[in-house]
Amino acid sequence: MVVVWGQITKPNIVLITVNQFGLSDLNNNWEYLKNIRKLSKDAIQFSHAYTQLYQTSSRAALLTGRLPVKTGMLKGNYSTPDNWGKQIQVPLFIKWPKMLHSGATINQTVTLMDVMPTILHLTNTSYSNETLNGKSLVCLIKGTTESLHSYVFHYLDVTRPSAVTHNEYKAFYSTMSDNGLVHHDPPLLFNIRNDPEETSPLSVEDYSELMANISEAREKHVENRTRKWISQFEYPILPWLFPCADFPYCHRRDVGKLKHIVFNDSILFN
């Protein structure tokens, strides 16, 4: 949640985050949720806000406004979590008493990477849009209906997006199973507005033009990388460079367990 108060030229901002908290958790009766519900009253709510798959990746996206795969804050190995909506969809509120229309719900797709550009925008801090993947939410909270993100790319590892969200549709190119990574050809396609649990895949044949556009955007996204994106988890670096929940006791258990070869911006696993 982003809580803002004060004048528009120099507002005060408090950023409140909750660890391992998904959109579905709002329905629980946990004691501390009473305070969250009080704070979120009369706030603007984003109904389709996405975080990153892993905790470190999520914190990196929040603090930098960039894809974790670009900052090295994404694991280079496959793990059990997946990019299903229930895994990565989170509650997001912005509250600014007397300055914003309260109680509204915005249904456009936004991401955790948008929080930092929004704070920079609200504080009149200059920044380059070219260096950030996130975008300021100010235009949405002021009432624009234009789409903020044409495509949102979801990663499992550093090679290429495993899923892509485009407006009300989400396509899965690979998912995790008990036996490891599963590639889908054709991809699994869902209407996340009508099917938020992503349980009823659509017929790809009926959406051939849409799938062609999504696949083209995915390939262009990979081709436009300006440098090799390699996970810093694969190399010995200073542990305090990692945003983590238990600093300074961060553990990097995966280091040294995975051998790989980097070739043409891809990682080939032995």
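This structure is a prediction, so every number in the text was calculated from the model and none was measured.

About the cut-offs
- Residues numbered from 1 in each chain as written.
- Predicted model: local features only at pLDDT ≥ 70, side-chain atom pairs only at ≥ 80, totals over all residues.
- Heavy atoms only, no water.
- Pairing = 2+ DSSP bridges.
- Helix = DSSP H or I, 4+ residues; strand = E, 2+ residues; numbered from the N terminus.
- Axes fitted to C-alpha atoms, helices over the stretch in contact; angles between N-to-C directions.
- Contact = heavy atoms within 4.5 Å.
- 1 Å grid on protein atoms, 1.4 Å probe; cavity = no way out; pocket = protein on both sides within 12 Å on 5 of 7 lines; lining within 4 Å.
- Points joined across faces, edges and corners; volume = space filled by probe spheres on them.
- Nonpolar A, V, L, I, M, F, W, Y, C, P; charged D, E, K, R; others polar.
- Patch = residues over 30% accessible without salt bridge, like charges linked within 9 Å, V, L, I, M, F, W, Y side chains within 5 Å.
- Areas by Shrake-Rupley, 256 points an atom, 1.4 Å probe, with all protein chains shown as cover.
- Salt bridge = Lys/Arg side-chain N within 4 Å of Asp/Glu carboxyl O.
- Phe/Tyr/Trp six-rings, centres within 6.5 Å; stacked < 30°, edge-to-face > 60°.
- Buried < 20%, exposed > 50% of the residue type's maximum accessible area, 1.4 Å probe, protein only.

### Looking at the sheet that holds strand β6 (residues 152–154)
Here is step 1 of the chain: With respect to topology, 4 strands assemble into an open sheet ordered β6-β7-β8-β9, the strand pairing being antiparallel. Both edges of this open sheet fall to β6 and β9 (180–191), since each of them pairs with a single strand only. Taking the axes of each pair of neighbouring strands and ignoring which way they run, one obtains an average angle of 20° across the sheet.
Here is step 2 of the chain: Of the strands in this sheet, β6, β7 (163–166), β8 (169–177) and β9 are in contact with helix α7 (residues 208–223), which crosses β8 at around 65°.

### Here's the deal with empty space enclosed by the protein
Here is step 1 of the chain: The final tally for this structure, using the stated rule, is 1 cavity of 30 Å³ or more.
Here is step 2 of the chain: Estimated volume of the largest cavity: approximately 70 Å³.
Here is step 3 of the chain: Residue lining of the largest cavity: 13 residues in total, with T51, Q52, V152, F153 and H154 positioned closest to the centre.
Here is step 4 of the chain: Counting residues per element, the lining of the largest cavity draws most heavily on β6, which supplies 3 residues.
Here is step 5 of the chain: Here the lining of the largest cavity is composed, by residue class, of 8 nonpolar, 5 polar and no charged.

### Some points on the pairing of β9
Along any regular strand, the residues point their side chains to alternate faces of the sheet.
Here is step 1 of the chain: With 8 bridges joining them, β8 and β9 adopt antiparallel strand pairing. By the bridge assignment for β9, S174 is matched with H183.
Here is step 2 of the chain: Hairpin remark: β8 followed by β9, antiparallel, with 2 residues in the connecting loop.

### Points about the side chain of E198
Here is step 1 of the chain: Along the chain, E198 falls in the loop between β9 and α7.
Here is step 2 of the chain: Look past the residues within four positions of E198 in its chain and what remains in contact with it is N83, W84, G85, K170, F172, F190 and I192.

### Thoughts on the side chain of S57
Here is step 1 of the chain: Tracing the backbone through its elements, the reader meets S57 in helix α2 (residues 55–64).
Here is step 2 of the chain: With residues up to four places along the chain from it excluded, the contact list for S57 reads Q52, P68, M73 and L74.

### A word on a nonpolar patch on the surface
Here is step 1 of the chain: On the surface, a cluster of nonpolar side chains totalling about 190 Å² of accessible area is made up of V14, I16 and L39.
Here is step 2 of the chain: Within the secondary structure layout, V14 lies in strand β2 (residues 12–15).

### A short note on the environment of F153
Here is step 1 of the chain: When you line up the elements, F153 lands in strand β6.
Here is step 2 of the chain: The sequence separation of F153 and K170 amounts to 17 residues, and the corresponding C-alpha distance is 9.8 Å.
Here is step 3 of the chain: Look past the residues within four positions of F153 in its chain and what remains in contact with it is L67, P161, A163, V164, A217, R218 and H221.

### Quick look at the packing of aromatic side chains
Here is step 1 of the chain: According to the stated counting rule, one finds 3 aromatic pairs in the structure shown.
Here is step 2 of the chain: Centre to centre, the rings of F172 and F190 are 5.8 Å apart; their planes meet at 90°, and the pair counts as edge-to-face. Here the residue F172 occupies a position in strand β8, and F190 occupies one in strand β9, the gap between them amounting to 18 residues.
Here is step 3 of the chain: Taking relative accessible area as the criterion, F172 reaches 0% and is therefore assigned buried.
Here is step 4 of the chain: Under the relative-accessibility criterion, F190 is labelled buried at 2%.

### Considering α2
Each α-helix winds once per 3.6 residues, and so residues spaced three or four apart point in a common direction.
Here is step 1 of the chain: Among the 10 residues that make up α2, 7 are buried, leaving the element largely enclosed by the rest of the structure.
Here is step 2 of the chain: For α2, the complete set of buried residues consists of T56, S57, S58, R59, A60, A61 and L62.
Here is step 3 of the chain: The inward-facing, buried residues of α2 contact β2, α3 (68–71) and α5 (115–122).
Here is step 4 of the chain: Remark: G65 follows α2 within two positions and exhibits a positive phi of approximately 70°.

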